[in-house]
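# A structural walkthrough
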Amino acid sequence: MTSPAALRPRLPSPLQEVRDERFERRGLRLLLKRDDLIHPELIGNKWRKLVPNIAAARGRPLVTFGGAWSNHLRATAAAGRLLGLATTGVVRGEELAGRPLNPSLARCAADGMRLRFVDRSTYRRKTEPETLAAILRAAGAEGAYVVPEGGSNGAAVHGCRALGEELRGHADVVAVACGTGGTLAGLAAGLAPGQRALGVPVLRGGFLEGDIQALQERAFGGRSGDWSLDERFHFGGYARTTPELHAFAQDFEDRHGLPVERLYVAKLLYGLVALAEEGAYARGTTLAAVITGRPFPPA
């Protein structure tokens, strides 16, 4: 197997200051942590979460889970192609099996990932041992290494701790969009005392705090770092957007020349602008936004 180091990641990822009057008029600095530039195909937090799991797999095939537009599935498929690993993607929604593949799943298939579609009820129970075993049997992947949905497990949390370590001394508050919470769990643990981490969930439900707590307990034995969530900026839930969010993202792109991914990054940046306008941060505060991905398909 090719070592992940042979893929030549750009680490630490660049830290870029942007001039934005919405922050400057309140005495705030805005930095962008450009994790989207780590690797052209294993982008952002996907690199940080996948590489520790690939190491743990020790050359075994990978099985993982996701929805029809999952960034995680695409990254896992790309890793399999680049490293010579067999990959299987278990996709939520049995009804998708008879339809043409969307561009995201087509990319997975082109990278060699075997796609297996399961009904939504089974998918919800995928972490139950009996259900997982049945899914693996049906996919012919009993001996595979299982990477959870979104890539978030103890190994991934340890991998994301390096993100916080790279930001020590650079910002007072570090913000990241959250899907399954693994990135925030590791990021917060890696920051220095006095730094705070903010998670902006992109799903509805209010369950994420408990999930992050559990991830930190598995990785570190208990809660680690100063972190919190702001649940107001999900725009209806995962993969949901609105014309207002698209307009905001387009405006940010026009201001700063940064391609803004809509499902995670746009919600994060919108939340930071809203918090600045609410006066949530004292003058002199430096904010860092972690740019975890870029638009797909590429513009």
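Just above, that's the structure.
What counts, and where the lines are drawn
- Residues numbered from 1 in each chain as written.
- Predicted model: local features only at pLDDT ≥ 70, side-chain atom pairs only at ≥ 80, totals over all residues.
- Heavy atoms only, no water.
- Helix = DSSP H or I, 4+ residues; strand = E, 2+ residues; numbered from the N terminus.
- Pairing = 2+ DSSP bridges.
- Axes fitted to C-alpha atoms, helices over the stretch in contact; angles between N-to-C directions.
- Buried < 20%, exposed > 50% of the residue type's maximum accessible area, 1.4 Å probe, protein only.
- Arc of directions from axis to C-beta.
- Core = buried A, V, L, I, M, F, W, Y, C linked by side-chain atoms within 4.5 Å.
- Contact = heavy atoms within 4.5 Å.
- Phe/Tyr/Trp six-rings, centres within 6.5 Å; stacked < 30°, edge-to-face > 60°.
- Lys NZ or Arg CZ within 6 Å of the ring centre and 35° of its normal.
- Salt bridge = Lys/Arg side-chain N within 4 Å of Asp/Glu carboxyl O.

### Here's the deal with the environment of alanine 56
- Relative to the elements of secondary structure, alanine 56 occurs in helix α2 (residues 45–57).
- Sequence separation of alanine 56 and alanine 155 is 99 residues, and the distance between their C-alpha atoms is 8.1 Å.

### A closer look at the sheet that holds strand β8 (residues 196–201)
- What the 6 strands build is an open sheet, ordered β1-β2-β10-β7-β8-β9; its pairing is mixed. Two strands close off the open sheet at either side, each with one partner strand: β1 (15–18) and β9 (227–229). Within this sheet the neighbouring strands show an average axis-to-axis angle of 25°, counted without direction.
- Pairing between β8 and β9: 3 bridges, direction parallel.

### Some details on helix α6 (residues 129–138)
- By the burial criterion, the buried members of α6 are Thr131, Ile135 and Leu136. Axial view of α6: buried residues confined to an arc of 135°, hence all on one face. Exposed and oriented more than 90 degrees from the buried face of α6 are Pro129, Glu130 and Arg137.
- Count one or two residues on from α6 and you reach glycine 140, which has phi positive near 65°.

### Side note on the nonpolar core
- Membership of the largest hydrophobic core comes to 35 residues, with the highest contact counts inside it found for Leu269 and Leu272.
- For this core, the elements supplying multiple residues, two or more each, are β2 (29–33), β7 (173–178), β8, α10 (243–256), α11 (265–277) and β10 (286–290).
- Of the residues forming this core, the biggest block, 10 residues, is contributed by α11.
- Apart from residues no more than four positions distant in its own chain, leucine 272 is found in contact with Phe23, Leu30, Ala175, Leu198, Tyr281 and Ala289.
- Counting 22 residues, the second-largest nonpolar core is a separate cluster that includes Leu163, Leu191, Leu215 and Ala219.

### Quick word on the packing of aromatic side chains
- Scanning the entire structure with this criterion turns up 6 aromatic pairs.
- Ring centres 6.3 Å apart and planes at 40° place the aromatic pair phenylalanine 248 and phenylalanine 252 in the tilted group. Placement of the pair is phenylalanine 248 and phenylalanine 252 together in helix α10, with a separation of 4 residues, close to one helical turn.
- Members of the aromatic cluster, connected to one another through ring pairs, are Phe233, Phe235, Phe248, Phe252 and Tyr270.
- Residue placement shows arginine 74 over the ring face of phenylalanine 296; its charged tip is 3.8 Å from the ring centre.
- Here the basic side chain of arginine 223 rests over the ring of tryptophan 227, its NZ or CZ set 3.7 Å away from the ring centre.

### Structural notes on the environment of tyrosine 270
- In this fold, tyrosine 270 is placed in helix α11.
- Spatially, the C-alpha atom of tyrosine 270 lies 9.4 Å from that of phenylalanine 252, the residues being 18 residues apart in sequence.

### A closer look at the pattern of salt bridges
- The full count for this structure, using the stated rule, is 22 salt bridges.
- Put simply, arginine 255 and glutamate 21 hold a salt bridge, and the shortest N to O gap is 3.8 Å. Of the two residues, arginine 255 sits in helix α10 while glutamate 21 sits in helix α1 (residues 21–24), which places them 234 residues apart along the sequence.
- Judged by its relative accessible area of 38%, arginine 255 is partly exposed.
- A salt bridge links arginine 125 to glutamate 128, with the nearest nitrogen and oxygen atoms 4.0 Å apart.
- You can call arginine 125 partly exposed: its relative accessible area is 32%.
- On the accessibility criterion, glutamate 128 (38% relative accessible area) is partly exposed.
- Among the ionic contacts, a cluster of salt bridges with common partners joins Asp20, Glu21, Arg22, Arg25, Asp251 and Arg255.

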